[in-house]
Amino acid sequence: MLCSIPYVFGYVVIISAYNVWMLYFGRMLTGLASGVTSLVVPVYISEVSHPKVRGMLGSCVQLMVVTGILGAYIAGITLKWRWLAVLCSFPSCIMLLFMSFMPETPRFLLNQNKRSEAIAALRFLRGPHADHEWECQQIEASVREEGLNLSEFKNPSIYRPLLIGVALMFFQQITGINAVMFYAETIFEDANFKDSRMASVVVSSIQVCFTAVAALIIDKTGRKVLLYISGISMALSTALFGLYFKMVLPNQNNSSNSDVWFILNSASPGTESSISWLAVVSLGLFVAGFALGWGPVPWLLISEIFPLKARGISSGACVLTNWFMAFLVTKEFHDFIGFLTSYGTFWLFSAFCCLNVTFTTFYVPETKGQTLEQIEAYFRRI
């Protein structure tokens, strides 16, 4: 609820901006709020959800993210940027309003020795006919432990889920989602999609559709199956991207200019248009694959696998890893193209996609249908 303040204030600064520094300051405030909510929201949802629907509700975090991006793209076609900022300020106001009716999570309340309030929260969340006392006792068994000390990070039940969470966030970004999205506008224009803004809407629509599919099926298929399908799809699509640029730019090694437009415009005339379907198919497959698994599932898993006493600091480390890697891939993407060539860069991304499938096989636990306490007990046993 407190994040609504920098959200709204940030957009007010952007709306009233008369120089670029006001835009920077407003963006910094909204970015600060985004960083905090991206940490708190998945944890809140996991702690209030019933195990049978926790996967679906946890996946809705990513679904709402891509839905918001799609809405911003659509609104941006018709609205000036100031009015777009006005529109973007409304969701944070709605969040503030509706969160005022929501209870604190039962696990947090029990950790604060507020048992009666925890029972009331469970009654609100589960309805009047559920066995609130039994669930409360299950949660109490895990929150009786003392607070977290740094020395406890030597405990495998603490550091193993932390390492898994950090690795999930690392692989989510290093497999190239930002890089592929950079090429989206160029690829669609080569395929005769003249309106690049509409191309962005098409790509975002694919993301929304497949993230929604993931949210609907994740509690039936499980987390690992979606990560497998997603990783294999992304590995194949980035390999095809590399093939596309290898065919379009056979002499790219002789060019020192890493600008995408320069490279494509200097390719053999007609080559790129004759096989542009390959790039469009690769783009669609990659976005669909990412949205089906590696988009929503890592955010869900980091909200599930950490023990209660380490959930705050561990989730923070994972979110920091995610945003740092997003920044790093964004900043260094053109340098990679200059050093490895565009097709070499995408083949590198394909190799990382294969690595994330291997990592999923050996290290990612299946959490489908388990309570947070059962997941915590699993890490104590291994």
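Conventions and cut-offs
- Residues numbered from 1 in each chain as written.
- Predicted model: local features only at pLDDT ≥ 70, side-chain atom pairs only at ≥ 80, totals over all residues.
- Heavy atoms only, no water.
- Helix = DSSP H or I, 4+ residues; strand = E, 2+ residues; numbered from the N terminus.
- Buried < 20%, exposed > 50% of the residue type's maximum accessible area, 1.4 Å probe, protein only.
- Contact = heavy atoms within 4.5 Å.
- Areas by Shrake-Rupley, 256 points an atom, 1.4 Å probe, with all protein chains shown as cover.
- Salt bridge = Lys/Arg side-chain N within 4 Å of Asp/Glu carboxyl O.
- Phe/Tyr/Trp six-rings, centres within 6.5 Å; stacked < 30°, edge-to-face > 60°.
- pLDDT = per-residue confidence, 0-100.
- Patch = residues over 30% accessible without salt bridge, like charges linked within 9 Å, V, L, I, M, F, W, Y side chains within 5 Å.
- Expected span 1.5 Å × (residues − 1).
- Arc of directions from axis to C-beta.

Draft legend 1. Structural view of the overall build of the protein chain. For the protein chain, the helix and strand inventory stands at 18 helices and zero strands. Every one of the 382 residues in the protein chain was classed for burial, and the buried ones make up 48%. Contacts spanning at least 24 positions in sequence make up 80% of the contacts within the protein chain whose residues lie at least 6 apart. Looking at the protein chain as shown, the accessible area adds up to about 18,700 Å², and 68% of this sits on carbon and sulfur atoms.

Draft legend 2. A look at the pattern of salt bridges. Under the criterion given, the structure shown has eight salt bridges. For Asp219, the salt bridge identified is with Arg223, shortest N-O distance 3.4 Å. With respect to burial, Asp219 and Arg223 carry one shared label: buried. Among the ionic contacts, a cluster of salt bridges with common partners joins Arg54, Asp219, Arg223 and Glu304.

Draft legend 3. Looking closely at unusual backbone geometry. For Asn113, which is not glycine, the phi torsion reads 60° and is therefore positive. Secondary-structure assignment places Asn113 in the loop between helix 5 (106–111) and helix 6 (115–126).

Draft legend 4. Representation of the packing of aromatic side chains. Summed over all chains, the structure comprises 13 aromatic pairs. Seen from their ring centres, Tyr244 and Phe245 are 4.9 Å apart, and the 75° between their planes marks the pair as edge-to-face. Taking the relative accessible area as the measure of exposure, Tyr244 reaches 1% and is therefore buried. Here Phe245 falls in the buried class, since its relative accessible area comes to 1%. Counting every residue linked through ring pairs, the aromatic cluster contains Phe170, Phe171, Trp294, Phe352, Phe359 and Tyr363.

Draft legend 5. Summary view of the confidence of the model for the protein chain. For the protein chain, per-residue confidence averages 84 on the pLDDT scale, and 87% of positions sit at 70 or higher. Highest mean pLDDT in the protein chain belongs to helix 1 (residues 4–15) (93); lowest belongs to helix 12 (residues 260–265) (50). This stretch, residues 252–258, has a pLDDT under 50; its non-local contacts, to residues over four places away or in other chains, come to 14 contacts.

Draft legend 6. Here's a closer look at a nonpolar patch on the surface. Together, Leu79, Trp83, Leu87, Phe90, Ile94, Leu97, Phe98 and Phe101 make up a nonpolar patch on the protein surface, roughly 880 Å² of accessible area in all. Mapped onto the elements of the fold, Trp83 is located in helix 4 (residues 81–99). Of the residues examined, Trp83 reaches a relative accessible area of 57% and is grouped as exposed.

Draft legend 7. Helix 6, seen in detail. With 12 residues, helix 6 should cover 16 Å at 1.5 Å per step; its first-to-last C-alpha distance of 16 Å lies within 8% of that length. Taken together, the buried positions of helix 6 are occupied by Ala118, Ile119, Ala121, Leu122 and Arg126. Buried residues of helix 6, viewed axially, fall in a sector of 160°; they line one side. Helix 6 presents Ser116 and Phe124 as exposed residues on the side facing more than 90 degrees away from its buried surface.

Draft legend 8. Representation of the side chain of Thr37 within the structure. Assignment of secondary structure puts Thr37 in helix 2 (residues 20–48). For Thr37, a relative accessible area of 15% gives the class buried.

Draft legend 9. Highlighting helix 4. With 19 residues, helix 4 extends 28 Å between its outermost C-alpha atoms, agreeing within 8% with the 27 Å of an ideal straight helix rising 1.5 Å per residue. Within the sequence span of helix 4, burial applies to Ala85, Ser89 and Ser92. Along the axis of helix 4, the buried residues cluster in a sector spanning 60°; they form a single face. Structural note: helix 4 exposes Trp83 and Phe98 on the side pointing more than 90 degrees away from its buried face. Close packing links the buried residues of helix 4 with helix 1.

Draft legend 10. Inspection of the side chain of Gln62 at higher detail. By the secondary structure assignment, Gln62 is in helix 3 (residues 54–78). Residue Gln62 is classed as buried on the basis of its relative accessible area of 11%. In this view, Gln62 contacts Thr211, Phe290, Gly295, Pro296 and Trp299; residues no more than four positions away in its chain are not counted.

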